[in-house]
Structures are given as structure tokens and as C-alpha cells.
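Residues per chain, in single letters:
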Amino acid sequence: QVQLVESGGGLVQPGGSLRLSCAASGSGFSINDMSWYRQAPGKERELVAIISSGGSTHYADSVKGRFTISRDNAENTVYLQMNSLKPEDTGVYYCKIGWKSRGSYFNGWGQGTQVTVSS
């Protein structure tokens, strides 16, 4: 079984920065895509960024040029560096990780971390 633990959220002023982390732990698995989603109050969860096992990345238009997704394969960890934060970036951020274990594919979500951008 794979467990995901997120960290790094908080309150930041507009224009500030935050770095989110999501670490996967367990045994007998290999990680595929790693991604970050967010959900603002009253809105549906949306994809923010995704990084493949080969390092290819894709970003939502709203965060391009401000957010950077990266991964540390040795540590089974995905990061989201968020710069030039705006109030509309406020929401609960969730990591989502896909992995292969014993010939089958699985997806799992982190517990979510609150990001609030406000002056």
C-alpha cells in the first residue's frame, strides 16, 4: 500500500511564494505520473500541473510561468514551487500519484493542504 503525505501549505501575501511537497511511501511500487490539483471554495477540483516519469511537464494556463512542478525519483517526492501567488490561487491543493505494483496500476490522492493568498 502506498501512502501520500503532503506538506507546505499556508498563508501568504499576494506576490509571495510557497513550496508544496508530496512524499509517497510504501514498498513494491514504481511511480508513473505525479500531479497537483487544487479546489477553490465552491468550485470543482482542477489540474494545476503534471509531470511524467520521464520528466515531461504540463501546466494549467492560469499558472504557466509562475508555478514549477518537479520530482525527486529517489525520494518518491513531487514538489510544486509557486511564485507570484495571486488571491485566485487560494484553495486546497492535492497531489495525485499513479503507480504500478504487481502488474496493476493505481492512483492515489494526498490529504490536501490549504493555500491561502491574502493581504
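Further up the page is the structure itself.
These numbers come from a predicted model, not from an experiment.

*Asks:* I keep staring at the overall build of the protein and nothing clicks. Help me out?
*Replies:* Scanning the protein for helices and strands turns up 0 helices and 11 strands. Its helices and strands in sequence order give the protein the pattern β-β-β-β-β-β-β-β-β-β-β, from N to C terminus. Judged by the C-alpha coordinates and their principal axes, the protein covers about 50 × 25 × 25 Å. When burial is assessed residue by residue, the protein has 41% of its 119 residues classed as buried. Contacts spanning at least 24 positions in sequence make up 53% of the contacts within the protein whose residues lie at least 6 apart. Of the accessible surface of the protein, which amounts to about 6400 Å², a share of 44% is contributed by carbon and sulfur atoms. The centroid of the 11 positive side-chain charges in the protein is displaced by 3 Å from the centroid of its 9 negative side-chain charges.

*Asks:* Just checking my understanding: could you explain the nonpolar core for this structure?
*Replies:* In terms of nonpolar packing, the biggest core is built from 29 residues, with Trp36, Leu80, Met82 and Tyr93 touching the most fellow members. Of all the secondary structure elements, the ones that give two or more residues to this core are β3 (18-25), β4 (30-39), β5 (46-51), β7 (67-72), β8 (77-82), β9 (91-101) and β11 (113-117). Not counting residues up to four positions away in its chain, the partners in contact with Tyr93 are Glu6, Leu20, Trp36, Tyr37, Arg38, Val48, Phe67, Leu80, Met82, Gly112, Thr113 and Val115.

*Asks:* What exactly am I supposed to notice about the state of the cysteines here?
*Replies:* Scanning all chains against the criterion turns up 1 disulfide. A sulfur-sulfur distance of 2.0 Å marks the disulfide that ties Cys22 to Cys95. In this structure the cystine formed by Cys22 and Cys95 twists about its S-S bond by roughly 45°; its chirality is therefore right-handed. You can see Cys22 sitting in strand β3 and its partner Cys95 sitting in strand β9, a full 73 residues away along the chain.

*Asks:* Explain the sheet that holds β8 here, please?
*Replies:* Across a sheet, strands are paired by hydrogen bonds formed along the backbone, either parallel or antiparallel in direction. Strand order in this open sheet of 4 strands is β1-β3-β8-β7, and the pairing throughout is antiparallel. The outermost strands of the open sheet, each flanked by one partner alone, are β1 (3-7) and β7. The mean angle between the axes of side-by-side strands here comes to 15°, regardless of whether they run parallel or antiparallel.

*Asks:* Would you take a moment to explain the packing of aromatic side chains for this structure?
*Replies:* As enumerated under the stated definition, the model contains 3 aromatic pairs in all. With a centroid separation of 5.0 Å and 65° between ring planes, the pair formed by Tyr37 and Trp109 is classed as edge-to-face. With Tyr37 in strand β4 and Trp109 in strand β10 (residues 104-109), this pair connects stretches of sequence that are 72 residues apart. Taking relative accessible area as the criterion, Tyr37 reaches 18% and is therefore assigned buried. Look at Trp99 and Phe106: their rings are 6.0 Å apart centre to centre, the planes differ by 20°, and that puts the pair in the stacked class. On the accessibility criterion, Phe106 (39% relative accessible area) is partly exposed.

*Asks:* Looking at this model, I keep getting lost on the pairing of β1. Mind explaining?
*Replies:* On a regular strand, each side chain points to the face opposite its neighbour's, so the side chains alternate between the two faces of the sheet. The side-chain alternation of β1 yields one buried face, formed by Leu4 and Glu6, and one unburied face, formed by Gln3, Val5 and Ser7. Two strands pair when backbone bridges link them, and β1 and β3 are joined in this way by 5 bridges, in the antiparallel orientation. Note on β3: the bridge partner recorded for Leu4 is Ala24.

Reading the values: the criteria
- Residues numbered from 1 in each chain as written.
- Predicted model: local features only at pLDDT ≥ 70, side-chain atom pairs only at ≥ 80, totals over all residues.
- Heavy atoms only, no water.
- Helix = DSSP H or I, 4+ residues; strand = E, 2+ residues; numbered from the N terminus.
- Buried < 20%, exposed > 50% of the residue type's maximum accessible area, 1.4 Å probe, protein only.
- Contact = heavy atoms within 4.5 Å.
- Areas by Shrake-Rupley, 256 points an atom, 1.4 Å probe, with all protein chains shown as cover.
- Lys, Arg positive; Asp, Glu negative; His and termini not counted.
- Charge placed at Lys NZ, Arg CZ, Asp CG, Glu CD.
- Core = buried A, V, L, I, M, F, W, Y, C linked by side-chain atoms within 4.5 Å.
- Disulfide = S-S within 2.5 Å.
- Pairing = 2+ DSSP bridges.
- Axes fitted to C-alpha atoms, helices over the stretch in contact; angles between N-to-C directions.
- Phe/Tyr/Trp six-rings, centres within 6.5 Å; stacked < 30°, edge-to-face > 60°.

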